[in-house]
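Residues per chain are reported as follows:
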Amino acid sequence: MTRDAALFEFLCRMGDSTLVLGHRLSEWCGTAPALEEDIATANTALDLIGQTQMWLGLAAEVEGAGRSADDLAMRRDAWDFRNLLLVEQPNGDFGRTLMRSFLFDVWHRRMLERLTASSDPRVAAIAAKAVKEVAYHADRSAELVVALGDGTEESHRRMQDALDRLWPYTGEMTSDDEVDREMAEARIAPLPSELRPGWEEAVRATLTQATLTVPESAFAHRGGKNGARHSEHLGHMLTTMQWLQRAYPEATW
Amino acid sequence: MYAQMIKSEATQDDPEKLAAFQARIDRGEKIEPKDWMPEGYRKTLIRQIGQHAHSEIVGQLPEGNWVTRAPTLERKAILLAKVQDEAGHGLYLYCAAETLGVSRDEMTEMLLDGRMKYSSIFNYPTLTWADMGAVGWLVDGAAIMNQVPLQRTSYGPYARAMVRICKEESFHQRQGFDVMMKMCRGTDAQKRMAQDALNRFWFPSLMMFGPSDKDSKHSAQSMAWKIKMNTNDELRQKFVDQTVPQAEYLGLTVPDPDLRWNEETGHYDFTEPDWSEFMDVLQGNGPCNRDRLEARNKAWDDGAWVREGLMAHAEKRRAARVAAE
Amino acid sequence: MSNHAPAPYPGTGTPEGKARREWPLWEVFIRGQHGMSHRHVGSLHAPDAELAMRNARDVYTRRHEGVSIWVVPSAQITASAPSEKGPMFDPADSKTYRHPTFFDIPDDVGAM
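Starting from 1, residues in each chain are numbered consecutively following that chain's sequence as written. A letter from A marks each chain and a number from 1 marks each ligand, given out in the order of writing. In view of the model being predicted, local features appear only for residues whose pLDDT reaches at least 70, and side-chain atom pairs are presented and counted only at 80 or more, with totals across whole chains, interfaces and linings using the full set of residues. Water and hydrogen atoms play no part in the side-chain values, which are based on all heavy atoms of the structure.

S.K.: Before we go on, may I ask you to explain the overall build of chain C in this structure?
M.R.: We count a stretch as a helix when DSSP gives it H or I for four or more residues in a row; a strand needs E for two or more, and each element gets its number in order from the N terminus. When helices and strands are counted, chain C shows two helices and five strands. Using a 1.4 Å probe on the protein chains alone, a residue whose accessible area is under 20% of its type maximum counts as buried, one over 50% counts as exposed, and one in between counts as partly exposed. In chain C, which comprises 112 residues, the share counted as buried stands at 31%. Residues are treated as being in contact if the distance between any of their heavy atoms lies within 4.5 Å. Long-range pairs, those at least 24 residues apart, make up 47% of the contacts in chain C between residues at least 6 apart in sequence. Here the accessible surface of atoms and residues is derived via Shrake-Rupley with a 1.4 Å probe, and residues count as covered only by protein chains that are part of the display. Accessible surface, chain C as shown: approximately 7,500 Å² in total, 58% of it carbon and sulfur.

Shown next as structure tokens:
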């Protein structure tokens, strides 16, 4: 794999993860538990969509095949998506949405912090802008996870269910493969496995405060970031998201 | 309009106090939450501001319907930001109404069980992407007609909410028109979508202003109190006069064969919307009434455990702090 | 003086008459970018101060309106009563000498 091919893959991993999570969060628009939450969730979604434009924009540039960020977002099929399995999981109740955000945000923040020192100045510049946004996402989702974990019996039960359900999707975030090693060698990005100890420490600290029990199993689903085996959910999401571009390929919007 | 057919409440207060109150309004003074006010003024305002707030919240749904299908990343962001603004506007308005002694949750419950209404326009479906253009251009355009003068309304908190809303809304109508321009300069299919959207939204937009109220006692009282600034007919005419040239610019045909410029009056003559359809929609028989209320009820019910969970945690934390002191 | 928080409005209680457990109301003050004082911008609901702060950021600074936020429980604000408006504010009316325009300075003195 050439360096540029690996970089393209890596940029799609970042951009597809923000795209898919941004899309999932946008599904809440108008139906969150309170107006304040509706507005806050939309803010996070907007940040993620903005980051998607930057990551996929750079991916398209690196690819050099005349595609745009929108082409990548709207004209690829599921097997070409490189997002983490975690973020494509359906919203479920608001608790599962929050837990999914929390588990991702902690990783995302650490990843971006490291990327601000990337040897590729374009990557470093995107990370520098995104990390401020994501630091806020991470603080907010952690605070809400603590509050709902500790809230009522029902909110505790729902948050524990969400954690149990999503935990097996967290291992993929910190697993390494050929693309990651290529990026690490070029000092463009850290090895994901290096992020694991810090991620786990931060996540466990918050979950303890939330009175939640971390599942013991270390089993990890894989197949999102290399596109080998996405869940069934992604295809349905793309069917909705890409519909106009697919139905009217000649149109500009 | 977002508040339609607001009945003013009869007032049985001391005539002397009433006269002094009216004099304050006539002098252009703002009425503030703790000031004395006639019961009718208070109740009418709760109904009007509440209906306006509910319209913003229910109004998130027809546009939210396309957030997940927006055709480009930028359109997705713009639409989401716009629908998010509507949640914000609902929030500002609920807060304004709360200064009159009714809580947001109370108002929400009154919306959910049908005791309070929202604008008829949001009971129409959004069927194609062009509807995102038409809603921004026509529905927000009609709303702005009413909201701009309401910045000068007599009730301070309402006027201040309106100032904030108008400032934020200024991009909403433009983004709608921008969507329309793209569609009208696009493929044949896009042009068809744009015309179809105008066909479906033209008369419902005219209905937003409500039936003629030139002989209505309720409107006369509300205008005296400066919580209604113009008659429905004035605003509707202004909307038509402003919108027809814009439609011409887009190359679209307004679906009204009798629409024509009247040299004598300096205004367009146009066909009134079908008021029996309007009454049907108000009675709950619009194309989407049941869907909209079902969606709001589901969101409220599904969110209950979150609202309660966060409250319970806050109370525990407060108790722990007190114990530590 | 009177409390700023609204009193319950007659006829708008719950149908079952049970007490609600609503998120309390907070007043939001924001300092803009140009060194001005914090200014009241509106209200919101939140279960506690921490979330009120976050909600204030998300609701009231979407267009980069500020660099600092205060949140105050609405119930903690003490407001002057409208009935005392005369005694409270009218006496300041007659102190015109507190304003620079009270004094005539000849033009040839220059800027002052």
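S.K.: Would you explain the overall build of chain A in this entry?
M.R.: Helices and strands together make up the secondary structure of chain A, namely 11 helices and zero strands. Values of the radius of gyration come from C-alpha atoms, whereas the globule rule sets the reference at 2.2 Å times the count of residues to the power 0.38. Over its C-alpha atoms chain A spans a radius of gyration of 18 Å, differing by no more than 12% from the 18 Å that the globule rule assigns to 253 residues. Overall, the C-alpha framework of chain A stretches about 55 × 40 × 30 Å when taken along its three principal axes. Split into buried and exposed, the 253 residues of chain A put 64% on the buried side.

S.K.: I would appreciate a short explanation of the packing of aromatic side chains in the present structure.
M.R.: Each aromatic ring pair is specified by the distance between its two centres and by the angle formed by the two planes. Residue and element names in this part refer to chain B. Classification of ring pairs uses Phe, Tyr and Trp, with its six-membered ring standing for Trp, and accepts pairs whose centres are within 6.5 Å; under 30 degrees between planes counts as stacked, over 60 as edge-to-face, and the remaining range as tilted. Within the structure shown, the criterion is met by 20 aromatic pairs over all chains. Ring centres 6.3 Å apart and planes at 70° place the aromatic pair Trp 66 and Trp 129 in the edge-to-face group. Separated by 63 residues along the polypeptide, Trp 66 in the loop between α3 (60-64) and α4 (73-98) and Trp 129 in the loop between α5 (104-112) and α6 (130-150) bring together distant segments of the chain. Judged on exposure class, the residue Trp 66 and its partner Trp 129 are both buried. Of the aromatic side chains, those joined through ring pairs into one cluster are Phe 21, Trp 36, Tyr 41, Tyr 155 and Trp 225.

S.K.: Honestly, the pattern of salt bridges in this entry has me stumped. Any pointers?
M.R.: Opposite charge on two side chains allows them to pair when their charged atoms are near. Every case where a carboxyl oxygen of Asp or Glu lies within 4 Å of a side-chain nitrogen of Lys or Arg is listed as a salt bridge. Overall, the coordinates contain 50 salt bridges over all chains when judged by the stated rule. In this structure, the salt-bridge partner of Lys 298 of chain B is Asp 302 of chain B, at a minimum N-O distance of 2.6 Å. You can see Lys 298 of chain B and its partner Asp 302 of chain B sitting in helix α12 (residues 289-324), four residues apart, about one turn around the helix. Taking the relative accessible area as the measure of exposure, Lys 298 of chain B reaches 53% and is therefore exposed. With a relative accessible area of 42%, Asp 302 of chain B lands in the partly exposed category. Within this structure, Asp 85, Arg 164 and Glu 168 of chain B together with Arg 62, Arg 63 and Glu 65 of chain C form a network of salt bridges that share partners.

S.K.: Honestly, unusual backbone geometry in this entry has me stumped. Any pointers?
M.R.: Most peptide bonds adopt trans geometry, and most residues besides glycine take a negative phi value. With a phi angle near 55°, Lys 226 of chain B is a residue other than glycine that sits in the positive phi range. For Lys 226 of chain B, the location among the structural elements is in the loop between α9 (217-224) and α10 (232-250).

S.K.: How should I be thinking about the interface of chain C and chain A in this particular structure?
M.R.: Where interface size is quoted, it is often the accessible area lost as the parts come together. On the side of chain A, 11 residues touch chain C, which itself brings 11 residues to the contact. Using a 1.4 Å probe, buried area is obtained as the accessible area two parts lose upon being combined, added over both of them. Interface of chain C and chain A: buried area, both sides summed, is about 1,100 Å²; carbon and sulfur atoms make up 53% of it. Looking at the side of chain C facing chain A, the largest losses of area belong to Arg 54, Arg 57 and Asp 58 of chain C, adding up to 49% of the total buried there. In this structure, the connection of chain C to chain A is made through two salt bridges. For Asp 58 of chain C, the salt bridge identified is with Arg 140 of chain A, shortest N-O distance 3.0 Å.

S.K.: How should I be thinking about the environment of Asn 232 of chain B in this particular structure?
M.R.: All names here are of chain B. Secondary-structure assignment places Asn 232 in helix α10. With a relative accessible area of 9%, Asn 232 lands in the buried category. Taking the C-alpha atoms as reference points, Asn 232 and Gln 147, separated by 85 residues in sequence, lie 13 Å from one another. In this structure Asn 232 touches Phe 209, Gly 210, Pro 211 and Asp 213, once residues within four positions along its chain are discounted. Whenever two N or O atoms come within 3.5 Å, that pair is a polar contact, provided that in protein one can donate a hydrogen and the other can accept it, and provided that, for residues adjacent in sequence, both atoms are side-chain atoms. Polar contacts involving the side chain of Asn 232 include one to the main-chain carbonyl oxygen of Pro 211, which spans 2.9 Å.

S.K.: Just checking my understanding: could you explain the confidence of the model for chain C for this structure?
M.R.: Reading predicted coordinates in detail is not appropriate for stretches of low pLDDT. Residues and elements named next belong to chain C. On average, residues of chain C score 81 in pLDDT, and 82% of them reach the 70 mark or higher. Each residue carries a pLDDT score, the predictor's confidence in it, ranging from 0 to 100. In this model residues 1-15 is a low-confidence stretch, pLDDT under 50, and it forms 43 contacts with partners more than four residues away in sequence or in other chains. For this predicted complex, the interface confidence reaches an ipTM of 0.97, while the overall pTM sits at 0.93.

S.K.: Could you clarify how one ought to interpret the interface of chain B and chain A in this entry?
M.R.: Contacts between the two partners involve 45 residues from chain B, matched on the other side by 47 residues from chain A. Both faces considered, chain B and chain A share a buried interface measuring about 4,000 Å² in area, 71% of it formed by carbon and sulfur atoms. Linking Glu 36 of chain A and Arg 104 of chain B is a salt bridge whose minimum nitrogen-to-oxygen distance equals 2.7 Å. Seen at the junction of chain B and chain A, the total is 13 residue pairs in polar contact (both at pLDDT 80 or more). Counting residues per element, the ones that place at least two in the side of chain B that touches chain A are α3, α4, α7 (156-184), α8 (188-207) and α12 of chain B. Per element, the largest residue contribution to the side of chain B that touches chain A is 14 residues, and it comes from α4 of chain B. Think of it as three bins: nonpolar holds Ala, Val, Leu, Ile, Met, Phe, Trp, Tyr, Cys and Pro, charged holds Asp, Glu, Lys and Arg, and polar takes everything else, Gly as well. Counted by class, the side of chain B that touches chain A contains 24 nonpolar, 11 polar and 10 charged residues.

S.K.: Any chance you could explain the packing of helix α5 (residues 94-115) of chain A against helix α7 (residues 153-166) of chain A here in plain terms?
M.R.: Geometrically, a packed helix pair is captured by the angle between its two axes and the distance between the axes. All names here are of chain A. In this analysis an axis means a line fitted to C-alpha atoms, helices contributing only their contacting stretch, and an angle means the value between N-to-C directions, from 0 to 180 degrees. Packing of α5 against α7 brings their axes to within 9 Å, and their N-to-C directions diverge by 50°. Classified by the angle between their axes, α5 and α7 sit oblique to one another. Both α5 and α7 take part in a crossing whose hand is right-handed. Contacts from Gly 95, Arg 96, Leu 98, Met 99, Arg 100 and Leu 103 of α5 reach α7 at Met 159, Ala 162, Leu 163, Arg 165 and Leu 166. Residue composition of the contact of α5 with α7, by class: seven nonpolar, one polar and three charged. An angle below 35 degrees is read as roughly parallel, one above 145 as roughly antiparallel, one from 65 to 115 as roughly perpendicular, and any other as oblique. In this scheme, a crossing is called left-handed if the near helix is turned counterclockwise away from the far one by less than a right angle; it is called right-handed if the turn is clockwise.

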